[in-house]
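What follows is each chain in one-letter form.
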Amino acid sequence: GTTLQSIIDACVLGRIKGRVVVVISNNSGSGALRRAAAADIETVHLSSVTHSSGDSLDAAICGALQRARADVIFLAGYMRRLGPRTLAAFPARILNTHPALLPRFGGQGMFGDRVFEAVLAGSESESGASVHLVDAEYDTGAVVSQERIRVLPGDTVESLKARVQACERELIVKTLAAIASGELVLHSP
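Our subject in this report is the structure included herewith. (Residues numbered from 1 in each chain as written. Predicted model: local features only at pLDDT ≥ 70, side-chain atom pairs only at ≥ 80, totals over all residues. Heavy atoms only, no water.)

## Examining helix H5 (residues 113-121)
Helical geometry note: an α-helix holds 3.6 residues per turn, so side chains three or four residues apart project in the same direction.
Okay, so step 1: Buried within H5 are the following residues: Val115, Phe116 and Val119. Seen from one end, H5 has its buried residues packed into an arc of 95°, which puts them on one side.
Okay, so step 2: After H5 finishes, the residue serine 123 shows a positive phi value of roughly 50°. (Buried < 20%, exposed > 50% of the residue type's maximum accessible area, 1.4 Å probe, protein only. Helix = DSSP H or I, 4+ residues; strand = E, 2+ residues; numbered from the N terminus. Arc of directions from axis to C-beta.)

Following this line, the structure appears as structure tokens:
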């Protein structure tokens, strides 16, 4: 829930000229749902527990976003593919973040520490974070913004991860602020 909290805080402080209208999680005990509830933001738990088929889950997610009148959707830690109904209802309005400079070190199975391990194993001189549009595949949507950091001699997974995650949270806030102000306009590829 730390990424969500950075977005909530940025909205409250006026850095993002907008507000979080709903938080949906597939984990009923997630920190994101607790943080949203503490900020008086609508919370919804939708998962394979609440919906037995992928199609009904997709319809429920799409419906919850439409009822909340979401303009931009951000997948802060949501690790599932969105269904075709949700993707079609919000073209070029769904964003995700990735802890690397896409297109490198992205795709199915590239999440969590695996990304940082791959960056270090590849002897990369830089890494960073990417915000990208969401499509039907993992990490293949158009990159909207990136922030670069140097990979330092002696970096470990933990040290690189800490620096990338800090840069990632700030990149998300900057990107959402630019979208909310009209400085950044999202386009379908």
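Let's pick the thread back up.
## Some details on the sheet that holds strand E5 (residues 126-133)
Okay, so step 1: Here we have four strands laid out as an open sheet, ordered E3-E4-E5-E6, and mixed in their pairing. A single partner strand is all that each edge strand has here, and the edge strands are strand E3 (73-75) and strand E6 (143-150). Along the sheet, successive strands turn relative to each other by an average axial angle of 20°, direction set aside.
Okay, so step 2: Pairing geometry for E5 and E6, over seven bridges, is antiparallel. In the strand pairing of E6, alanine 129 is matched with glutamate 147.
Okay, so step 3: Set on the sheet, helix H6 (residues 157-181) makes contact with E3, strand E4 (94-98), E5 and E6; between it and E6 the angle comes to about 145°. (Pairing = 2+ DSSP bridges. Axes fitted to C-alpha atoms, helices over the stretch in contact; angles between N-to-C directions. Contact = heavy atoms within 4.5 Å.)

## Description of the state of the cysteines
The term disulfide refers to a covalent linkage connecting the sulfur atoms of a pair of cysteines.
Okay, so step 1: Under the criterion given, the structure shown has zero disulfides.
Okay, so step 2: Of all cysteine sulfurs, the one in cysteine 167 lies closest to cysteine 11, which takes part in no disulfide; the gap is 20 Å.
Okay, so step 3: Residue classification places cysteine 11 among the buried positions, given a relative accessible area of 16%. (Disulfide = S-S within 2.5 Å.)

## Let's talk about the packing of H5 against H6
Okay, so step 1: For the pair H5 and H6, the least separation of the axes is 9 Å and the interaxial angle reads 110°. As summarised for this structure, H5 and H6 are arranged roughly perpendicular, according to the angle between their axes. By crossing handedness, the relation of H5 to H6 is classed as right-handed. Contacts between H5 and H6 involve Asp113, Phe116, Glu117, Val119 and Leu120 from the former and Val157, Leu160, Lys161 and Val164 from the latter.
Okay, so step 2: Across the contact of H5 with H6, the residue classes break down as six nonpolar, no polar and three charged. (Parallel < 35°, antiparallel > 145°, perpendicular 65-115°, else oblique. Left-handed = near helix turned anticlockwise from the far one by under 90°. Nonpolar A, V, L, I, M, F, W, Y, C, P; charged D, E, K, R; others polar.)

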